[in-house]
Amino acid sequence: MTTQFGATLDAPPSPNFAPSTPSAAPHNAPTVLLVDDSSVQRRIVHSLLDAAGTWNIIQATDGLSALRMIEQAPPSLVLTDVYMPKMDGLVLVEQIRDRFPSVPVVLMTGHGNEQTAVDALKAGASDYIPKRAMVTDLGRILERVLTNARAESDRVRLLSGMTGRISRFKLENDARLVGPLVAQLRDDLLAVGVCNRHGLTRIAIALEEALVNAIYHGNLEVSSKLKENGDEPFLALARERRTRSPFAERRVHVVARITPAKATFVIEDEGPGFDPTSLPDPTTPECLDRPSGRGLLLIRSFMDDVKHNAIGNRITITKYRSE
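Values in this document were obtained by computation on a predicted structure and should not be read as measured data.

1. Structural notes on the pattern of salt bridges
Phase 1: Counting across every chain of the model gives 17 salt bridges.
Phase 2: Glu-240 serves as the salt-bridge partner of Arg-244, at 2.5 Å between the closest nitrogen and oxygen.
Phase 3: On the accessibility criterion, Glu-240 (33% relative accessible area) is partly exposed.

Spelled out as structure tokens, the structure:
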């Protein structure tokens, strides 16, 4: 185990079950199960969680202990390291997917185990976070995963009897519209029964990424390279272009075809497009930590089929029914 948070602490060994609930967290706050065999790293991540949001935090030192804790009381989310004794993070992801599909998992990745992050996404993880980005991105990533997971739970009893639906939408270049649209499509998926709740979270995240890409990179032509110096230059240019021609007149077109057998989503922007053959492989180590590769990696990991048109302004993503 290598600590990569820029801190070293001496800490006594902890037992397998190490619950730690901050007194400031309200009783109804989401519960995050932190799984890591290193007491030093658990302490550091616990501090980062406290700084990033309001959670009830419980801890386990390996995958087997985590599974026993989930059996007793399922948490809202599992945040796990990769390399641990008894059961590593990848096997833990698979076990939670099969045994507790409503519990989302986020994997913490360090430099050198990027391929494991790819494998974990394919095995069932809802997202990943590089350890070097924990300070800036931890809260945002966990909140997004929890929001999607809660939405599925809230709607699971509301919809029934739908046998299929074709929906068409035309969106302005406003990222605030992405959440409501994804929620609507999630309802349709749940009603038709294309996938279980775990799969629903992953599809929702893939849709969110594709829609955000269409708005920012397609219609507004804002490059992810601007995020290398923080989000503000990226967002500032997007705000300026939303009110300036020709960017302001462009729209995102969405067609969703959902049946019990599969769900297909076609997302097309009105930007100039790009050469899809020039896209780098998002699973390579040098791309995993780049802002420009993250969205495509998630889409490819969570969907069964991903295609771009020749000019690069349309993406078609498909998910087949999971039994």
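2. A short note on the pairing of strand S1 (residues 31-35)
Phase 1: A large share of S1 lies buried, amounting to 4 of its 5 residues.
Phase 2: Where S1 and strand S2 (residues 56-60) come together, 5 bridges link them in parallel fashion. Following the sheet pairing, Val-32 is matched in S2 by Ile-57.
Phase 3: Both S1 and strand S3 (residues 77-80) contribute to a ladder of 4 bridges, which runs parallel. Bridging from a neighbouring strand, Leu-33 pairs with Val-78 of S3.

3. Describing the UniProt feature "modified residue: 4-aspartylphosphate" (unreviewed entry) in the protein chain
Phase 1: UniProt tags Asp-81 as "modified residue: 4-aspartylphosphate" (unreviewed entry).
Phase 2: Its place among the elements puts Asp-81 in the loop between S3 and helix H3 (89-99).
Phase 3: Judged by relative accessible area, Asp-81 falls into the buried class, the value being 2%.

4. Description of the sheet that holds strand S10 (residues 314-320)
Phase 1: Spatially, the 5 strands line up as an open sheet ordered S6-S7-S8-S10-S9, and their pairing is antiparallel. With one partner strand each, in any of the chains shown, strand S6 (165-171) and strand S9 (305-308) form the two edges of the open sheet. Between one strand axis and the next, the sheet turns through 10° on average, direction left out of account.
Phase 2: Examined bridge by bridge, S9 and S10 share 4 bridges and lie antiparallel to one another. Note that in S10 the partner of His-308 across the bridge is Ile-315.
Phase 3: Relative to S6, helix H6 (residues 178-192) is tilted by about 175°, and along the sheet it contacts S6, strand S7 (252-258) and strand S8 (262-268).
Phase 4: In the packing of helix H7 (residues 197-219) onto the sheet, the strands contacted are S7, S8 and S10, and the crossing angle to S8 comes to about 15°.

Reading the values: the criteria
- Residues numbered from 1 in each chain as written.
- Predicted model: local features only at pLDDT ≥ 70, side-chain atom pairs only at ≥ 80, totals over all residues.
- Heavy atoms only, no water.
- Salt bridge = Lys/Arg side-chain N within 4 Å of Asp/Glu carboxyl O.
- Buried < 20%, exposed > 50% of the residue type's maximum accessible area, 1.4 Å probe, protein only.
- Helix = DSSP H or I, 4+ residues; strand = E, 2+ residues; numbered from the N terminus.
- Pairing = 2+ DSSP bridges.
- UniProt positions renumbered as here; feature names shortened; annotations may be inferred.
- Axes fitted to C-alpha atoms, helices over the stretch in contact; angles between N-to-C directions.
- Contact = heavy atoms within 4.5 Å.

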